[in-house]
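# Structural characterization, general
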Amino acid sequence: MRLGFKMGTAAVLVVVGAVGAAWLLFGEGLDRAEKWVSIVGVCVSTALSAGGLLLSWFTWRQTRAGNSAARAVTARGIGAVGVGGSSSAEIRTDVSGVAVPMSPPPGGSTDVHAGGTGSVAVGGDSTAPISTRVTGADVRPRP
């Protein structure tokens, strides 16, 4: 279904519900209508408060998960991939032939390091596709 159709249907249902509630309250008289409005107000207030608490809990949980995802990540080896958070996209490596591995990382304060030819290290969340391709002849010395 299209979004416009859904929004239009929701708007029509809200208007029909409001007209129905007003018609019911007009038929009840002032004293009983006031009691109905109080009861409905308590129910709506309770539901909105519960929704607000639930939304704040989801936000707090997501914030904590985001902070814990930023951690040290090292990808070692030819075509290695390391993701420190979550990845919602395709990760693909293509290694044909064997390349000479890179030297180990220098002694720095970096938390994220890719230590091999064609390797990728992501310190947090990744939403984009990751693709590496390493081609070449075997240049390592044979035993």
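This is a predicted model, so every value here is computed, not measured. (Residues numbered from 1 in each chain as written. Predicted model: local features only at pLDDT ≥ 70, side-chain atom pairs only at ≥ 80, totals over all residues. Heavy atoms only, no water.)

## Structural notes on the overall build of the chain
Rules: By definition, any uninterrupted DSSP run of H or I lasting at least four residues is a helix, any uninterrupted run of E lasting at least two residues is a strand, and each is numbered from the N terminus. Each residue's exposure class comes from its accessible area (1.4 Å probe, protein chains only) as a fraction of the maximum for that residue type: buried when under 20%, exposed when over 50%, partly exposed otherwise. The contact criterion used is simple: two residues touch if any of their non-hydrogen atoms lie within 4.5 Å. Each accessible area is a Shrake-Rupley estimate made with a 1.4 Å probe; only the visible protein chains count as cover when residues are assessed.
Scanning the chain from N- to C-terminus turns up 2 helices and 6 strands. For the chain, the succession of helices and strands along the chain, N to C, is α-α-β-β-β-β-β-β. Sorting the 143 residues of the chain into buried and exposed places 14% on the buried side. Put simply, 66% of the contacts in the chain that link residues at least 6 apart link residues at least 24 apart. With the model as given, the accessible surface of the chain reaches about 10,900 Å², and the carbon-plus-sulfur share is 64%.

## A word on helix α1 (residues 3–28)
Since there are 3.6 residues in each turn of an α-helix, residues three or four apart along the chain are aligned in direction. Quick reminder of the rule: Working rule for helices: expected span equals 1.5 Å times residues minus one.
With 26 residues, α1 extends 38 Å between its outermost C-alpha atoms, agreeing within 8% with the 38 Å of an ideal straight helix rising 1.5 Å per residue. Where α1 ends, the next residue or the one after it, G29, has phi of about 90 degrees, a positive value.

## What to know about the environment of E28
Looking at the element boundaries, E28 is found in helix α1. On the accessibility criterion, E28 (24% relative accessible area) is partly exposed. Ignoring sequence-local partners within four residues, the contact set of E28 consists of A33 and W36.

## What about the pairing of strand β6 (residues 130–135)?
Here is the key point about a regular strand: its side chains alternate between the two faces of the sheet. Defined as follows: Only when DSSP finds a minimum of two bridges between them are two strands counted as paired.
Here β6 shows a clear split, with I130, T132 and V134 buried on one side and none of S131, R133 and T135 buried on the other. For strand β3 (residues 91–96) and β6, the ladder comprises 6 bridges, and the chain directions are parallel. Bridge pairing links V95 to V134 in β6.

## Quick look at the confidence of the model for the chain
It should be kept in mind that the predicted coordinates are not to be read in detail where pLDDT is low. Rules: Looking at any residue, its pLDDT shows the predictor's confidence there, from 0 to 100.
The share of residues in the chain with pLDDT of 70 or more is 78%, and the mean pLDDT across the chain is 78. Confidence, read as mean pLDDT per element, is least for strand β4 (residues 112–114) in the chain (74) and greatest for α1 (91).

## Comments concerning a nonpolar patch on the surface
What counts, and what does not: Surface patches are defined over residues having more than 30% relative accessible area and no salt bridge, joining like charges when they lie within 9 Å and nonpolar side chains (Val, Leu, Ile, Met, Phe, Trp, Tyr) when within 5 Å. Throughout this description, the term salt bridge denotes a Lys or Arg side-chain nitrogen within 4 Å of a carboxyl oxygen of Asp or Glu.
A cluster of nonpolar side chains, contributed by W36, V40, V44 and L48, occupies part of the molecular surface with about 390 Å² of accessible area. Within the secondary structure layout, V44 lies in helix α2 (residues 30–69). In this structure V44 comes out as partly exposed when scored by relative accessible area, which is 44%.

## Considerations on the pattern of salt bridges
As enumerated under the stated definition, the model contains 3 salt bridges in all. For D31, the salt bridge identified is with K35, shortest N-O distance 3.6 Å. Note that D31 and K35 are positioned in helix α2 at a spacing of 4 residues, about one turn of the helix.

## Some words on the environment of G82
Here G82 shows up in strand β2 (residues 81–83). Accessibility expressed as a relative area gives 10% for G82, which makes it buried. It is 4.7 Å that separates the C-alpha atoms of G82 and A121, two residues lying 39 residues apart in sequence. With sequence-adjacent residues up to four places away left out, G82 is seen in contact with V73, A75, V120, A121 and V122.

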